[in-house]
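Listed here are the chains, written in short residue letters.
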Amino acid sequence: MTTLSTLPPSGQTRSSQAQPRPRKPHVQKRDWTGWKFVGPFMIVFALVLIAPVLYSIYLSFFKDQLVGGNSFVGFENYGQALTDPKFWESMGRVTLFFVVQVPIMLGIALFAALAIDSARLHLSSFFRIAIFLPYAVPAVVATLMWGFMYGTKFGLVGNLNEFFSIAIPNPLGNTWVLAAIGNIVTWEFIGYNMILFYAALRVIPTDLYEAASLDGAGAFRIIRSIKMPALRPAIVIGGIFSVIGSFQLFNEPSILQSLAPNTISTYFSPNMYAYNLSFSGQQYNYSATIAIIVGLITAVIAYIVQNSGSRKEA
Amino acid sequence: MSTTDQTQTTAEKAKAPRMSRYTSEKKAGKSNQGLHTKKSIILTIVMGALLIYSLLPLFWLFVNSTKTQAELLNSFGLWFSGDFALWDNIVATLTYNDGVFVRWFGNTVLYVVVGAGGATFLAALGGYGLAKFNFPGKKAVFAVVLGAVAIPGTALAVPTFLMFSQMGLTNTPWAVILPSLISPFGLYLIWTYAMDAVPTEVLEAARMDGSGEFRTFFTISLKLLAPGLVTVLLFTLVATWNNYFLPLIMLSEPTWYPLTVGLKQWNMQAQTVGGDVIYNLVITGSLLTIVPIVVAFLFLQRYWQSGLAAGSVKA
């Protein structure tokens with residue numbers, strides 16, 4: 001009986017054990033088959049990612065002048081960028097944006113993910129889909145909608161001012177414009193981060209919760225001791241994407257600029273600065289230099305976020 | 001030891017895992033916290049506030065796309081007012097400027113089908129290749145692609161534009177499609193997904209039967225990869241439908257604009273002194289822009305979530 005009943009599984013394992021053995025020499029041999037699959041991706045990758053990086057590094061070492069034409073200038077463009085007050089002002093602005101907006105957005109997303117996962121919510125799947133929905137809305141449409149709503153003349157802010165005879169400060173004025181942009185970005189990405197966190201919560205084995213509640217752990221204790229550690233990788237991923245997004249800020253301010261031309265300058269964010277240098281100023285070399293510096297700073301900060309996230313785990 | 005005995009035991013054995021799977025499914029369905037499933041009204045109210053925040057702008061958009069230009073400027077933003085002008089607005093949007101909106105819609109569909117479809121296909125081939133083959137230079141491919149995930153896409157936009165203009169690609173659909181074809185995140189997702197979803201034994205069996213690697217890929221592996229592919233397709237679909245920065249810098253001819261850049265241009269025109277004031281068209285156009293992507297999104301979001309989970313287990 002016992003030998004018979006174990007026969008089918010052992011037969012299975014034998015066959016699966018037998019197969020890797022002839023594969024081993026096959027692997028050791030220089031086999032280029034994999035390149036046939038990876039090759040197409042890598043060719044396009046080289047064209048649209050590697051080549052532009054190399055080209056912008058090349059550009060950053062040259063300068064196009066009226067007198068003398070295109071000439072090699074070494075690190076002169078970098079020196080100029082690092083002492084450029086406009087560049088630093090834009091970097092300061094996105095840093096402030098990152099420090100304030102990202103924790104708020106990730107905090108709300110985390111709360112929402114825990115709430116939906118808690119099974120204490122009525123209609124939780126409706127909440128999940130509805131809060132995720134803004135992610136599908138293009139940044140252009142999101143900015144236009146909020147931009148109109150911010151309007152003091154015929155927007156919602158104008159309606160409220162009129163109705164209550166009050167004067168809400170103009171969201172697109174100097175003081176509030178960064179917060180107004182932060183609100184748009186938060187609106188767009190709460191749902192995305194919520195789903196990221198929720199997906200991580202769903203893979204926690206349910207036995208863990210049962211064991212914990214048998215030991216007398218309450219809901220908050222379960223969140224602190226089981227859910228938060230399990231969420232850490234997802235929070236790090238969300239954090240890295242948010243760092244990149246903050247330092248790359250472009251769409252929202254660039255579209256709001258037509259609604260608030262006096263508050264949003266051409267160097268509002270580093271990306272807008274690089275864009276305007278290229279397309280209004282024809283300063284391609286300097287623009288490429290700015291793009292490289294922003295890319296490097298972003299990569300370094302993303303790396304720090306990743307490291308601090310994994311260090312806490314250890 | 002009769003044969004019936006044997007079949008009985010195998011049947012029992014087959015039933016046993018099914019039973020346990022059933023119970024674990026039930027547990028998962030009841031959701032995580034089996035003991036306290038009491039619904040909390042306070043939590044529902046707090047989440048309700050977040051829900052209103054998420055849906056309010058979309059409601060505003062719909063309400064205002066039903067208003068005429070005059071009502072738009074003179075009525076309360078969050079409720080209907082005056083004639084129900086949605087159909088008039090839609091017709092006006094579609095026919096304004098010789099139907100340029102329809103042209104932009106077609107462009108967007110072209111960029112999405114070729115861009116997102118191509119990106120998914122390249123990611124599927126590449127991710128599968130990385131997961132299932134050992135080849136010289138594999139580690140280098142990993143390092144370069146993972147490094148590229150950290151490179152902010154928009155930082156590359158200006159240099160890409162400069163390079164493409166040297167190559168004469170700007171102002172053609174290729175300038176928008178080519179960069180959309182690369183999704184490092186998609187490659188990563190398929191790679192992690194293919195490691196488990198496509199058993200090496202199956203590939204070995206196909207090789208024994210004399211099937212070529214590509215034939216195996218198209219007839220067997222692609223089917224096994226389907227859930228991962230849908231996830232990547234959705235990511236790239238949203239990314240290309242919503243793409244703004246890249247087409248903005250690559251295209252100067254309105255004939256090749258996607259919807260996003262076109263809408264922005266209409267909005268600028270409305271702001272310009274002496275320009276045709278077409279806020280109602282900007283708003284209705286925005287509504288028409290998000291309807292297809294929202295519908296696709298609602299249909300397919302469940303796959304998305306499971307795909308993300310697959311990715312995050314490995315991460």
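Rules used in this analysis
- Residues numbered from 1 in each chain as written.
- Chains lettered and ligands numbered in written order.
- Predicted model: local features only at pLDDT ≥ 70, side-chain atom pairs only at ≥ 80, totals over all residues.
- Helix = DSSP H or I, 4+ residues; strand = E, 2+ residues; numbered from the N terminus.
- Buried ≥ 20, exposed ≤ 12 C-beta atoms within 10 Å, placed from the backbone.
- Contact = placed C-beta atoms within 7 Å.
- UniProt positions renumbered as here; feature names shortened; annotations may be inferred.
- Core = buried A, V, L, I, M, F, W, Y, C linked by C-beta atoms within 7 Å.
- Nonpolar A, V, L, I, M, F, W, Y, C, P; charged D, E, K, R; others polar.
- pLDDT = per-residue confidence, 0-100.

Undergrad: Explain the overall build of chain A here, please?
TA: Helix and strand counts for chain A come out as 14 helices and two strands. For chain A, the residues scored as buried account for 43% of the 314 residues in total. Across chain A, every contact between residues at least 6 apart in sequence was considered, and the portion connecting residues at least 24 apart equals 67%.

Undergrad: What is the right way to look at unusual backbone geometry in this model?
TA: With phi around 55 degrees, A:Leu123 is a residue other than glycine that occupies positive phi space. Within the secondary structure, A:Leu123 sits in the loop between helix H5 (85–117) and helix H6 (124–132). According to the C-beta neighbour criterion, A:Leu123 is partly exposed, with 13 such atoms within 10 Å. Residues other than glycine seldom take positive phi values, yet B:Asn97 does so here, at roughly 55 degrees. Of note, B:Asn97 is situated in helix H4 (residues 86–132). Looking at B:Asn97, the number of C-beta atoms within 10 Å reads 14, which means it is partly exposed.

Undergrad: I would appreciate a short explanation of the UniProt feature "transmembrane region" (unreviewed entry) in chain A in the present structure.
TA: All names here are of chain A. Here the UniProt-annotated "transmembrane region" (unreviewed entry) positions come out as residues 37–58, 94–114, 126–149, 176–201, 230–250 and 284–305. This span, residues 176–201, is 96% helix and 0% strand, and a straight line between its end C-alpha atoms measures 36 Å. With 86% helix and 0% strand, residues 230–250 has end C-alpha atoms that lie 33 Å from one another.

Undergrad: How should the nonpolar core be read in this particular structure?
TA: When a protein is soluble and globular, its nonpolar side chains tend to lie buried together. Counting 160 residues, the largest nonpolar core has A:Ala112, A:Ala113, A:Met194, A:Phe197, A:Ile290 and B:Ile190 as its most contacted members. Broken down by element, the residue count for this core peaks at 17 residues, all from helix H9 (residues 177–202) of chain A. Beyond its immediate chain neighbours, meaning those up to four positions away, A:Phe197 contacts A:Ala109, A:Leu110, A:Ala113, A:Leu231 and A:Ala234.

Undergrad: Explain the interface of chain B and chain A to me, please; I cannot follow it from the model alone.
TA: In many reports, interface size means the accessible area that the parts give up when they come together. Listed per partner, the contact involves 92 residues of chain B and 98 residues of chain A. Ranked by residues supplied to the side of chain B that touches chain A, first place goes to helix H14 (residues 279–314) of chain B with 14 residues. When the residues that make up the side of chain B that touches chain A are grouped by side-chain class, the tally is 56 nonpolar, 27 polar and nine charged.

Undergrad: I'm lost on the confidence of the model for chain B in this one. Help?
TA: Residue and element names in this part refer to chain B. On average, residues of chain B score 80 in pLDDT, and 81% of them reach the 70 mark or higher. No element of chain B has a lower mean pLDDT than helix H1 (residues 3–30), which averages 39, and none a higher one than helix H7 (residues 173–180), which averages 93. Low pLDDT, under 50, characterises residues 1–35; the stretch is placed with 21 contacts to residues that sit more than four places away or in other chains. Both scores are given for the predicted complex: the pTM is 0.82, the ipTM 0.82.

Undergrad: What is the right way to read the confidence of the model for chain A from this model?
TA: Low pLDDT marks stretches whose predicted atomic positions should not be read closely. Residues and elements named next belong to chain A. In the predicted model, chain A carries a mean pLDDT of 82, and 88% of its residues have values of at least 70. When pLDDT is averaged over each helix and strand of chain A, the minimum, 38, is found for helix H1 (residues 2–18) and the maximum, 94, for H5. A low-confidence stretch, residues 1–27 (pLDDT under 50), is modelled with twelve contacts involving residues beyond four sequence positions or located in other chains.

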